[in-house]
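Secondary and tertiary structure notes
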Amino acid sequence: MSRVYNFSAGPAVLPEEVLREAAEEMMDYRGCGMSVMEMSHRSKVFDEIIKEAEADLRDLMNIPDNYKVLFLQGGASQQFAAIPMNLMKNRKAGYIITGQWAKKAYQEAKIYGEAVELASSADKTFSYIPDCSDLPITEDMDYVYICENNTIYGTKFKELPDTKGKDLVADVSSCFLSEPVDVSRYAVIYGGVQKNIGPAGVVIAIIREDLITDDVLPGTPTMLKYKTQADNDSLYNTPPCYGIYICGKVFKWLKKMGGLEVMKQKNEEKAKILYDFLDESKMFKGTVASKDRSLMNVPFVTGNDELDAKFVKEAKAAGFENLKGHRSVGGMRASIYNAMPKEGVEKLVAFMKEFEEKNR
Ligand SMILES: *Cc1c(COP(=O)(O)O)cnc(C)c1O
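Residues numbered from 1 in each chain as written. Predicted model: local features only at pLDDT ≥ 70, side-chain atom pairs only at ≥ 80, totals over all residues. Heavy atoms only, no water.

**Re the overall build of the protein chain**
- Within the protein chain, the secondary structure is distributed over 9 helices and 14 strands.
- A principal-axis box enclosing the C-alpha atoms of the protein chain has dimensions of 65 × 60 × 30 Å.
- Sorting the 360 residues of the protein chain into buried and exposed places 57% on the buried side.
- For the protein chain, the proportion of contacts with a sequence separation of at least 24, taken over those separated by at least 6, is 68%. (Helix = DSSP H or I, 4+ residues; strand = E, 2+ residues; numbered from the N terminus. Buried < 20%, exposed > 50% of the residue type's maximum accessible area, 1.4 Å probe, protein only. Contact = heavy atoms within 4.5 Å.)

Shown next as structure tokens:
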């Protein structure tokens, strides 16, 4: 068996310990004679899996009792519609446009009501987080929406925007469980798990209870109504059982690692290794404002497309996979999620140094 260092933005690297455990349990989950993939979502065994996953997540994130945790399908992209359908009582909401995912959410919301662009960093290819200390938020807005970590551009909100008392909705797909958060500052926190938690197919939404009502936009599908999912403990229909099972294992792994405070330290350490090198290199350059740098997604360029391509190719041959930047921005991007070991980042930087010397 040989494993590469996988810098994919998503689906992404998972802890080896979790994969090994899942492999061991593949044919016979804890003596029940079948795989988790094969069992009823209404069985007692699966009930324990999903309940334990929720309890561990609540523990890790310190989720207050007045928040529901939902395990959903449809990807983060499905939530771009579900959020306005469930929350746009006045049919008006503010969006902060910090990249492609925020923009997609904003465009989707426009189908259902008035989505207002409160701020944007499109003027500089989303290479920074705009000042959000005094946004043009109006009294009739139902919520303010952000994409907290911009997977493609590599920026992160280091401070939450001043929402002037309005509910904050955040897509945290690519920074989920990378550091502690104060859940009570959000109305909805949600994300696809395939970036920093588990396999594609599961979305976790953490929603303040008072927002889960029958008062949704006309035409909202039953499945997209948060109340349907909440009333049925995410088991209204068949949930993505195997994905939830793997997420549960990752939660246990995170707890064993010491929790989110420890993960934050580790992530800061890993990111520093790469950013410090980018700051001193004469060939490789980071592409975003230093103050807004993401701990999870690190885009960089040489300034020469041919050299970029050569780097990606040689890195791949050396066992560093998926370093090509997003098709919309080019260059390179190293995603260094929770499950990427520090050693992977150190080795990548050593490889980059060597490449720089050879190609000067
Ligand atoms: C990947 C990503 C999405 C899209 O996720 P899907 O599950 O493919 O719909 C949305 N938002 C962010 C921040 C992402 O990184």
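**Things to note about the nonpolar core**
- Counting residues in each nonpolar core, the largest one holds 90 residues, and the members touching the most others are M61, L177, I204, I206, F284 and F311.
- Sorting elements by how many residues they give to this core places helix α6 (residues 241-257) first, with 10 residues.
- There are two domains that each give this core at least three residues, and those are domain 1 (16-257) and domain 2 (258-358).
- Not counting residues within four places of it along the chain, the set of residues in contact with L177 comprises L57, L60, M61, N196, I197, F251, L254, L260, M263 and N338.
- Residues L211, I212, Y226 and A230 belong to the second largest nonpolar core, which totals 36 residues. (Core = buried A, V, L, I, M, F, W, Y, C linked by side-chain atoms within 4.5 Å. Domains from an automatic or database assignment.)

**So, the site of the ligand**
- Around the ligand sit G75, A76, S77, F80, W101, C147, N149, T151, D171, S173, Q194 and K195, and that is every residue in its neighbourhood.
- Here an oxygen atom of the ligand sits 2.4 Å away from a polar atom, N or O, in the side chain of T151.
- Contact distances for the ligand include 2.6 Å between a nitrogen atom and a side-chain N or O atom of D171.
- The element best represented in the shell around the ligand is helix α3 (residues 75-87), accounting for 4 residues.
- Considering only residue class, the shell around the ligand consists of 4 nonpolar, 6 polar and 2 charged. (Near = heavy atom within 4 Å. Polar contact = N/O pair within 3.5 Å; in protein donor to acceptor, adjacent residues only side chain to side chain. Nonpolar A, V, L, I, M, F, W, Y, C, P; charged D, E, K, R; others polar.)

**Some words on the packing of aromatic side chains**
- A complete count under the given rule lists 16 aromatic pairs for this structure.
- With 5.9 Å between their ring centres and 70° between their planes, Y95 and Y143 make a pair best called edge-to-face. Residue Y95 is located in strand β3 (residues 92-97), and its partner Y143 is located in strand β5 (residues 143-147); the two are separated by 48 residues in the primary sequence.
- Look at F284 and F300: their rings are 5.9 Å apart centre to centre, the planes differ by 80°, and that puts the pair in the edge-to-face class. Of the two residues, F284 sits in the loop between α7 (260-280) and β11 (285-286) while F300 sits in strand β12 (residues 297-301), which places them 16 residues apart along the sequence. (Phe/Tyr/Trp six-rings, centres within 6.5 Å; stacked < 30°, edge-to-face > 60°.)

**Comments concerning the pairing of strand β9 (residues 188-192)**
- Burial analysis of β9 places 5 of its 5 residues in the buried class, which makes it a mostly covered element.
- Burial along β9 is two-sided: V188, Y190 and G192 and I189 and G191, pointing in opposite directions, are all buried.
- Pairing analysis gives 3 bridges linking strand β8 (residues 167-171) to β9, with the strands arranged parallel. Looking at β9, one finds that D171 is bridged to Y190. (Pairing = 2+ DSSP bridges.)

**A look at helix α9 (residues 342-358)**
- Over its 17 residues, α9 runs 25 Å from end to end, which matches the ideal 24 Å to within 8%, given 1.5 Å per residue.
- Within the sequence span of α9, burial applies to G344, V345, L348, V349, F351, M352, F355 and E356. Buried residues along α9 cover an arc of 160° about the axis, so they all sit on one side. For α9, the exposed residues set more than 90 degrees away from the buried face come down to E357 and K358.
- Buried residues along α9 sit against β1 (5-6), α7, β12, α8 (305-317), β13 (320-321) and β14 (332-335). (Expected span 1.5 Å × (residues − 1). Arc of directions from axis to C-beta.)

**Describing the domain arrangement of the protein chain**
- Taken domain by domain, the protein chain comprises domain 1 (16-257) and domain 2 (258-358).
- Computed over C-alpha atoms, the centres of domain 1 and domain 2 are 26 Å apart.
- Taken residue by residue, the interface counts 28 residues in domain 1 and 28 residues in domain 2.
- The interface formed by domain 1 and domain 2 contains 0 salt bridges.
- Mapped onto the side of domain 1 that touches domain 2, the elements with two or more residues apiece are α2 (44-61), β7 (155-156) and α6.
- With 5 residues, the top contributor of residues to the side of domain 1 that touches domain 2 is α6.
- A class-by-class count of the residues in the side of domain 1 that touches domain 2 yields 13 nonpolar, 9 polar and 6 charged. (Salt bridge = Lys/Arg side-chain N within 4 Å of Asp/Glu carboxyl O.)

**Structural notes on the pairing of β5**
- Of all the 5 residues making up β5, 5 are buried; the element is thus mostly covered by neighbouring parts of the structure.
- Sheet topology note: the β3/β5 ladder contains 2 bridges and is parallel. Of the residues in β5, the one forming a bridge with Y95 is Y145.
- Across 5 bridges, β5 lies against β8 in parallel orientation. Note that in β8 the partner of Y145 across the bridge is V169.

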